[in-house]
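# A structural walkthrough
Single-letter residue listing:
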Amino acid sequence: MSQVRIPHVLTVAGSDSGAGAGIQADLKACAARGVYCSTVITAVTAQNTVGVQGVSIVSEDFVGEQLRSVLSDMCPDVVKTGMLPSTGIVKILSQSLREFPVRALVVDPVMVSTSGDVLAGPSILDSFREELLPMADIVTPNLKEASALLGGVPLETVADMRSAAKSIHDIGPRNVLVKGGDLADSSDAVDVLFDGKDFYEFRSSRIKTRNTHGTGCTLASSIAAELARGSSLFFAVKTAKRYVQTALDYSKDILIGNGRQGPFDHMMKLKNSVRKFYGHRPFDPNDLLLYAVTDSRMNKKWGRSITDAVKAALEGGATIVQLREKDADTRDFLEAAKACLEICRQHGVPLLINDRVDIALACDADGVHVGQSDMPARVVRTLLGPDKIIGVSCKTPEQAHVAWIEGADYIGCGGVYPTNTKENNLTVGLDGLKNVCLASNLPVVAIGGIGISNVQPVMELGVPSLKGVAVVSSLFDKESVLRETQNLRRVLNNHGHTNILLNIHFYAHPITNNTLIHSFVVVKLINLELAREYLIHAA
Ligand SMILES: Nc1ncnc2c1ncn2[C@@H]1O[C@H](COP(=O)(O)OP(=O)(O)O)[C@@H](O)[C@H]1O
Ligand SMILES: Cc1ncc(COP(=O)(O)O)c(N)n1
Ligand SMILES: [Mg+2]
């Protein structure tokens, strides 16, 4: 098997115990950007969202030993430096880089933390200027650091940033990026790049957030990561800045720590773990019992909004909802999906989106339903991650098998009866449905022309994997969605007098959050002995 060489950044920096900045930010930024990151630690700081409480500097000999270990064996493409707390450490670093040259050197001249605590004193300035900057491909000072490198000149405007970039360039680095995160009275976050010839301004809107601890470290290590991947310097800066902005925007409302400046989420995943799922529970196949699928044409015909249709279906007892909007504009569809999601969450019912993975991702729906000519379930699973619900329409046992292998949660099988909701749709009939159910490793919901008048034969197929019916016209092509849903739900509840005890649901009530309230109990078979026993246990 041929092996793949992985782009690699070595960061030489300090540890931040709060993990927002320093080595920890570098590791997370490189991981988020798909680049391997090794770490040489120059200092250990006791640090949190309030400030820096302590610093313990690693001896220059031991920094040298770490550098030799990594550089002599692991061949990083790019070295990025952060906190370098002593002149001895700067010296050993520049010696090591002469002995083991790398493709690029990114220097973030960290001196003072954003909280105002000193991480490297002014005595470091000479060795920065003499030893490190002349070797650097890019140096990335913030306003205070740029000012310090130039002996204390005040920097207050973008024009000041330009002239500072030019003066720092004279010290020897090939490129200078003066960062304007702390530029007062600026509605944009402006950074100025000077390459010795031209100036470039990188602008993004300024995100209103307390969570900016570690932006400088992250920007520098992201630039290093892009360079390691082979980008030009200009595109490395552009991509890195875009990444920082996106991560800040995602993280603007997260709360970690009680201090003035919090960390942000490099992976943009932390909010997943506290999301409000429907009823705070994983997918339950019994949710498929009464599966309501919306249809934009029917809503238009009856003059109701999609949210009103969904609300009525939920009040009538739908146990899962799918939005199927074949001809809506994307923007309208997204707004409707967000509104429906809120209503579904209030009822503790999952909301799925038909076909449109982008809409599901954008509104954070509970899942997606795809057909045989839509995106393959395997790809949908990669995009949505392991937690979301994926359903696949299948007409044959073979298709059901593939859906299972590819990570689907349930199968939609039909058309059971002829229907005009879907054009050119092959009817598989009750026999086709039964075949799929018997072969399927996944729960199945039957679909296609099903309504109150013909649901009985479907549920009486008596195959355990068949969990419910999906309905469109018989709920939504009617005067009262509420009444039709209630009636169908009643039939489904009463169905089956001979089976085993199938469906006892205990729902965590969405309003009271963690208190488990038995908000409803569906007893779908009445083997009285078993049912009584179960209820006694549950109570
Ligand atoms: N509130 C913000 N919104 C958007 N970008 C920001 C914000 N604060 C900082 N940045 C960006 O983050 C990067 C780091 O800048 P800065 O905060 O000035 O550096 P440092 O963290 O070293 O003080 C820069 O690209 C800057 O423009
Ligand atoms: C160990 C260490 N290194 C660097 C910084 C700079 O943080 P910022 O990126 O917010 O300027 C820090 N606070 N701690
Ligand atoms: Mg900052």
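About the thresholds
Residues numbered from 1 in each chain as written. Chains lettered and ligands numbered in written order. Predicted model: local features only at pLDDT ≥ 70, side-chain atom pairs only at ≥ 80, totals over all residues. Heavy atoms only, no water. Near = heavy atom within 4 Å. Polar contact = N/O pair within 3.5 Å; in protein donor to acceptor, adjacent residues only side chain to side chain. Areas by Shrake-Rupley, 256 points an atom, 1.4 Å probe, with all protein chains shown as cover. 1 Å grid on protein atoms, 1.4 Å probe; cavity = no way out; pocket = protein on both sides within 12 Å on 5 of 7 lines; lining within 4 Å. Sits in = over half its atoms within 2 Å of the grid points. Helix = DSSP H or I, 4+ residues; strand = E, 2+ residues; numbered from the N terminus. Nonpolar A, V, L, I, M, F, W, Y, C, P; charged D, E, K, R; others polar. pLDDT = per-residue confidence, 0-100. Contact = heavy atoms within 4.5 Å. UniProt positions renumbered as here; feature names shortened; annotations may be inferred. Buried < 20%, exposed > 50% of the residue type's maximum accessible area, 1.4 Å probe, protein only. Pairing = 2+ DSSP bridges. Patch = residues over 30% accessible without salt bridge, like charges linked within 9 Å, V, L, I, M, F, W, Y side chains within 5 Å. Salt bridge = Lys/Arg side-chain N within 4 Å of Asp/Glu carboxyl O.

### A few points about the site of ligand 2
The full set close to ligand 2 counts 15 residues, and Q47, T114, G214, G216 and C217 are the nearest of them. One of the backbone N or O atoms of G216 is found 3.2 Å from an oxygen atom in ligand 2. One of the backbone N or O atoms of C217 is found 3.3 Å from an oxygen atom in ligand 2. Look at ligand 2: alone it shows 380 Å² of surface, and the protein chains cover 95% of it. More than half of the atoms of ligand 2 fall within 2 Å of the grid points belonging to the largest pocket. When residues of the shell around ligand 2 are traced back to their parent elements, those giving at least two are β1 (8-16) and α7 (215-228). In terms of residue class, the shell around ligand 2 is built from 5 nonpolar, 10 polar and no charged.

### Topic: the confidence of the model for the protein
When pLDDT is averaged along the protein, the result is 90; 91% of the residues meet or exceed 70. Here residues 496-534 is a poorly scored stretch, pLDDT under 50, and it has 63 contacts once near neighbours within four places are set aside; other chains count. Taken together, the chains of this predicted complex give a pTM of 0.78 and an interface ipTM of 0.95.

### A word on the UniProt feature "domain: Pyridoxamine kinase/Phosphomethylpyrimidine kinase" (unreviewed entry) in the protein
Residues annotated by UniProt as "domain: Pyridoxamine kinase/Phosphomethylpyrimidine kinase" (unreviewed entry) correspond here to residues 16-256. Helix makes up 42% of residues 16-256 and strand 20%, and the two end C-alpha atoms of the span are 15 Å apart.

### Focus on the pairing of strand β11 (residues 320-323)
Alternating positions in β11 separate into two faces, I320 and Q322 on one and V321 and L323 on the other, with burial throughout. Sheet analysis places strand β10 (residues 290-293) next to β11, joined by 3 bridges and oriented parallel. Considered in β11, the bridge of Y291 is made with I320. Sheet topology places β11 next to strand β12 (residues 351-354); 3 bridges connect them, and they run parallel. From the neighbouring strand, V321 faces β12, where its bridge partner is L351.

### Overview of a nonpolar patch on the surface
A contiguous nonpolar patch, built from V4, I6, Y36 and M74 and spanning about 400 Å² of accessible area, is present on the exposed surface. Take Y36: it is sitting in strand β2 (residues 36-47). Using a relative accessible area of 43% as the deciding quantity, one classes Y36 as partly exposed.

### Considerations on unusual backbone geometry
That bond from G414 to G415 is cis: its omega, -5°, falls within 30 degrees of zero. Within the secondary structure, G415 sits in the loop between β15 (410-413) and α15 (429-439). Within the chain, M268 stands out as a residue other than glycine whose phi angle is a positive 55°. Note that M268 resides in the loop between α8 (233-250) and β10. Given the relative accessible area of 26%, M268 is considered partly exposed. The phi torsion at D364 lies on the positive side, around 60°, for a residue other than glycine.

### A few points about the site of ligand 1
The local shell around ligand 1 holds 15 residues, among which N142, K179, G181, D191 and I207 are the closest. Here an oxygen atom of ligand 1 sits 2.9 Å away from a polar atom, N or O, in the main chain of G181. Between ligand 1 and G216 there is a distance of 2.9 Å, counted from an oxygen atom to a backbone nitrogen or oxygen. Structurally, ligand 1 is housed in the largest pocket.

### Quick notes on the pattern of salt bridges
Close approach of charged atoms allows side chains with opposite charge to pair. For the coordinates displayed, the defined rule picks out 25 salt bridges. Here D26 and K80 are joined by a salt bridge, their closest N and O atoms 2.9 Å apart. Note that D26 is positioned in helix α1 (residues 22-32) and K80 in strand β4 (residues 78-81), a separation of 54 residues in sequence. Summarising the burial analysis for this pair, D26 and K80 share the class buried. Among the salt bridges present, the one from R162 reaches E201, with a minimum N-O distance of 3.7 Å. On the criterion of sequence distance, the pair formed by R162 in helix α6 (residues 158-171) and E201 in strand β9 (residues 199-205) is long-range, its members being 39 residues apart. Relative accessible area serves as the criterion here: at 36%, E201 is assigned to the partly exposed category. Counted as one network, the salt bridges with shared partners bring together R162, D188, E201 and R203.

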